[in-house]
Amino acid sequence: MATGELTELETAIEKIVTVFFTYAGKEGKKGTLTADEFKELVQLQLPNLMKDVPSLEEKMSELDVNNDEELKFGEYWRLIGELAKAMRKEKAGKKK
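Owing to the predicted nature of the structure, the values given are computational and were not obtained by experimental measurement.

*Asks:* I tried to follow the packing of aromatic side chains on my own but got confused; where do I start?
*Replies:* When we look at a pair of aromatic rings, we describe it by the centre distance and by the angle of the planes. Overall, the coordinates contain five aromatic pairs when judged by the stated rule. Between Phe20 and Phe73 the ring centres are 5.2 Å apart and the planes differ by 85°, which places this aromatic pair in the edge-to-face class. With Phe20 in helix 1 (residues 8-23) and Phe73 in helix 4 (residues 73-94), this pair connects stretches of sequence that are 53 residues apart. Assessed through its relative accessible area of 27%, Phe73 is described here as partly exposed. Residues Phe73 and Trp77 carry aromatic rings whose centres are separated by 6.0 Å and whose planes lie at 25° to one another, so their mutual orientation is stacked. Separated by four residues within a single helix, Phe73 and Trp77 lie in helix 4, roughly one turn from each other.

The structure is reproduced here in structure tokens:
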């Protein structure tokens, strides 16, 4: 897909995808996150942004729109979007 050196934003997108596939498929279906994989990803990759989430089980259930007890990339992407929106609000608030 990419032929030249990736930009800062392209590198960030590549990292989001790479992290997903690093954790997805260790158990269960390849390319999906089981509850244990999701928990490991959050604890190791999102410890600061997800520290106030009271229950990772409930968060996974909320993201798992098709209720198959695994997160596909699109469901994981919803989490990334939520975190990005929260970060944007925080940064916008600091500028005032």
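*Asks:* In this structure, what is going on with helix 4? I would like to understand it.
*Replies:* One full turn of an α-helix is made of 3.6 residues, so residues set three or four places apart face in the same direction. Spanning 22 residues, helix 4 covers 31 Å between terminal C-alpha atoms, matching the ideal 32 Å at 1.5 Å per step. Of all the positions in helix 4, only Glu75, Tyr76, Leu79, Ile80 and Leu83 are classed as buried. All buried residues of helix 4 lie within an arc of 155° about the axis, which places them on one face of the element. Facing away from the buried side of helix 4 by more than 90 degrees, the exposed set consists of Lys85, Arg88 and Lys89.

*Asks:* I tried to follow the nonpolar core on my own but got confused; where do I start?
*Replies:* Nonpolar side chains in soluble globular proteins tend to be buried together. With 18 residues, the main nonpolar core has Leu33, Phe38, Leu41, Leu46, Met50, Tyr76 and Leu79 as its most contacted residues. Mapped onto this core, the elements with two or more residues apiece are helix 1, helix 2 (35-45), helix 3 (56-63) and helix 4. The element contributing the most residues to this core is helix 4, with four residues.

Thresholds, definitions, all that
Residues numbered from 1 in each chain as written. Predicted model: local features only at pLDDT ≥ 70, side-chain atom pairs only at ≥ 80, totals over all residues. Heavy atoms only, no water. Phe/Tyr/Trp six-rings, centres within 6.5 Å; stacked < 30°, edge-to-face > 60°. Helix = DSSP H or I, 4+ residues; strand = E, 2+ residues; numbered from the N terminus. Buried < 20%, exposed > 50% of the residue type's maximum accessible area, 1.4 Å probe, protein only. Expected span 1.5 Å × (residues − 1). Arc of directions from axis to C-beta. Core = buried A, V, L, I, M, F, W, Y, C linked by side-chain atoms within 4.5 Å.

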